Amino acid sequence: MNKNNDIEQFKDNAIKLIDYIADYYKNIEEYPVKSQIKPGDIYSNFENNPPMDSRNFDEILNDFDNKIMAGITHWQSPNFYAYFNANSSFPSLLGEILTAALGVNVFSWETSPAGTELEQRVMEWLRDAIGLPNYFSGVIQDTASTATLVSLLTAREKYSNFEINKSGFSKDYKFRIYCSSEAHSSIEKDVRIAGFGSDNLIKIELNEDYSINYHSLEKKIIDDLNNGYTPLAVISAIGTTGTTAIDNINEIGKICKKHNVWHHVDAAHLGSALLLEENRHWIDGIENCDTFVFNPHKWMFTNFDYSAYFVKDKESLTKTFDILPEYLKINVDNVNNYKDWGIQLGRRFRSLKMWFVLNSFGINGIKEKIKYHISLAEKFENLLKSDSYEYLIPPKQIFQIMAPRVANLVTFRWVADENLTEANINELNIKLVDKINSTGKIFLTKTKINNKIIIRMNIGQTYTEERHIIDAFNLIYKIIMEW
Ligand SMILES: *Cc1c(COP(=O)(O)O)cnc(C)c1O
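Parameters at a glance
Residues numbered from 1 in each chain as written. Predicted model: local features only at pLDDT ≥ 70, side-chain atom pairs only at ≥ 80, totals over all residues. Heavy atoms only, no water. Helix = DSSP H or I, 4+ residues; strand = E, 2+ residues; numbered from the N terminus. Rg over C-alpha atoms; globule rule 2.2 N^0.38 Å. Areas by Shrake-Rupley, 256 points an atom, 1.4 Å probe, with all protein chains shown as cover. Phe/Tyr/Trp six-rings, centres within 6.5 Å; stacked < 30°, edge-to-face > 60°. Buried < 20%, exposed > 50% of the residue type's maximum accessible area, 1.4 Å probe, protein only. Pairing = 2+ DSSP bridges. Patch = residues over 30% accessible without salt bridge, like charges linked within 9 Å, V, L, I, M, F, W, Y side chains within 5 Å. Salt bridge = Lys/Arg side-chain N within 4 Å of Asp/Glu carboxyl O. Polar contact = N/O pair within 3.5 Å; in protein donor to acceptor, adjacent residues only side chain to side chain. Contact = heavy atoms within 4.5 Å. 1 Å grid on protein atoms, 1.4 Å probe; cavity = no way out; pocket = protein on both sides within 12 Å on 5 of 7 lines; lining within 4 Å. Points joined across faces, edges and corners; volume = space filled by probe spheres on them. Nonpolar A, V, L, I, M, F, W, Y, C, P; charged D, E, K, R; others polar.

A. Quick look at the overall build of the protein. What the protein contains, in helices and strands, is 14 helices and 11 strands. The C-alpha atoms of the protein give 24 Å as radius of gyration, which agrees with the globular expectation for 483 residues (23 Å, within 12%). For the protein, the accessible area works out to roughly 23400 Å², and carbon and sulfur atoms hold 50% of it.

Right, here's the structure in full:
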């Protein structure tokens, strides 16, 4: 092994890899968006034994292309409309390369002062840019799932006077957690992991727009108080996963304050749209929230993973998580040691890619792109709704919009015939989604709410343009016409 030779080889290989990546992005629309392979296909492309001897880079890259690429679902394709977007960008990718190159671990200030201080600065920028008050402190978590777990653990410790950390759970604690019946599945997982038990996660009924009915919430809290439970935390959503419904943070916050209940806000997907001033009313009453999370790795052109978690009471957070063995002690005051702000010890230098993104796009550039995505969603919704389609000759009204469109998600279903039963309509829409995705031309997903199958068309890929959503509409329409 000779370092100088390795560096020369690295330069050559890096150029090949960047060329490969550039070609990939150039041709990305030619791949089937959703991988069309069968289970086990990729696994069986590889031998039972690991490679024992060194292979050259060209072979490795070739193997990647031949044996792995077919099993990729192309999340960065402009024709990806499934789940929520997880959009990346070239500045983010370049920042990520630098993070990998430095290979630093950002768990305490001294493990890389810049890693800590850039994170602090960038999280303040994000906080201010989405309109959170400046008494919130920010820290990067890997995912919203983890951030919500951190929030619940902090609530648990604060309300038990840090007793559970010390002595473990006892039967004296009868905590209850509340969320919308449309809340993300990660919340139930977090409730289990934090030791509350799924039975103590109370799912509150919904209004017509699929947001939490806060009158029902308060009634539940009062009932529980009367029955000897301790209402511990409410998790409200700005943008539920099914339909992007927005819970009334202001009213829920007042209820939490009145009954001394912790309030966590999950804005994983829609948080990025708070960059636009016209959406700031979503966080009216944010002063009565304890913690807030959103995912720049969904809709802020920053590749996975980057979840932005904000807390009002930083002391309770660090008191919940700090553990200080001798080998981690440092003699520096007034610095952040992010190992005390969450679950893991080891942490990647993630603020760097965000810094690249913010500098390259500017906040204004990001706002423009988010606005454009929302305008495309509006356009797509209008195509579904219109009685006289611009692009094709219509039959009768065949699409129903299923939930009010808040931002970039359109929810709809196909009703082929007014005489169909609900069960028939569900079956038809499940088949329709499969058929659409098996073309490989676009990828979208479905969900079920109030026993109705709903198709979700989420428009937020970095390079999605109007022509893409028109093609998507025409594709769906054509499949239906030929049914
Ligand atoms: C996507 C999403 C999550 C989960 O996000 P991860 O970062 O993958 O854990 C949680 N809540 C909501 C509302 C989401 O949309």
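Alright, that's what it looks like, and here's the rest.
B. Summary view of the packing of aromatic side chains. Enumeration according to the criterion identifies 25 aromatic pairs in this entry. With 5.7 Å between their ring centres and 40° between their planes, Phe473 and Tyr477 make a pair best called tilted. Taken together, the residues Phe473 and Tyr477, both in helix H14 (residues 466-481) and four residues apart, mark about one turn of the helix. Both residues of the pair, Phe473 and Tyr477, belong to the buried class.

C. Focus on the pairing of strand S9 (residues 409-414). Across the six residues that make up S9, a large majority, six, are buried. Side-chain alternation along S9 places Leu409, Thr411 and Arg413 on one buried face and Val410, Phe412 and Trp414 on a second face that is also buried. Where strand S8 (residues 399-401) lies against S9, three bridges are found, and the strand directions are antiparallel. Directly across from Phe399, in S9, lies its bridge partner Trp414. Relative to strand S11 (residues 452-458), S9 is paired through four bridges, and the arrangement is antiparallel.

D. Here's a closer look at a nonpolar patch on the surface. Nonpolar side chains collect at one region of the surface, where Ile18, Leu94 and Ile97 lie side by side and expose about 250 Å² of accessible area between them. Locating Ile18 in the fold gives a position in helix H1 (residues 3-27). Assessed through its relative accessible area of 40%, Ile18 is described here as partly exposed.

E. Summary view of the side chain of Ser211. Take Ser211: it is sitting in the loop between strand S3 (201-204) and helix H8 (214-226). With a relative accessible area of 5%, Ser211 lands in the buried category. At 2.7 Å, the side chain of Ser211 forms a polar contact with the side chain of Asp209. If near-sequence neighbours (up to four positions away) are discounted, Ser211 is found in contact with Glu205, Leu206, Ala245, Ile246 and Asp247.

F. Representation of empty space enclosed by the protein. Enumeration over the complete set of coordinates arrives at two cavities of 30 Å³ or more. Reported here for the largest cavity is a volume of approximately 60 Å³. Residue lining of the largest cavity: Tyr25, Gln76, Ser88, Ser89, Phe90, Leu93, Gln461, Thr462 and Tyr463, and that is the complete set. The residue inventory of the lining of the largest cavity, partitioned by class, reads four nonpolar, five polar and no charged. Taken together, Val139, Ile140, Gln141, Tyr338, Trp341, Gly342, Ile343, Gln344 and Arg347 make up the lining of the second largest cavity. Classifying every residue of the lining of the second largest cavity by side-chain character gives five nonpolar, three polar and one charged.

G. Structural context of the layout of surface pockets. Roughly 550 Å³ of internal volume is contained in the largest pocket. What lines the largest pocket is a set of 30 residues, among which Tyr83, Phe84, His184, Thr241 and Lys298 lie closest to the centre. Those elements giving two or more residues to the lining of the largest pocket turn out to be helix H5 (144-159), helix H7 (185-193), helix H10 (296-299) and strand S10 (445-449). Looking at the lining of the largest pocket, the element that brings in the most residues is S10, giving three residues. Among the residues forming the lining of the largest pocket, the class breakdown is nine nonpolar, 16 polar and five charged. Empty space within the second largest pocket amounts to approximately 460 Å³. For the second largest pocket, the lining is made up of 17 residues, of which Ile21, Tyr24, Tyr25, Gln76 and Leu93 are closest to its centre. Within the residue set of the lining of the second largest pocket, elements represented by two or more residues are H1 and helix H3 (90-102).

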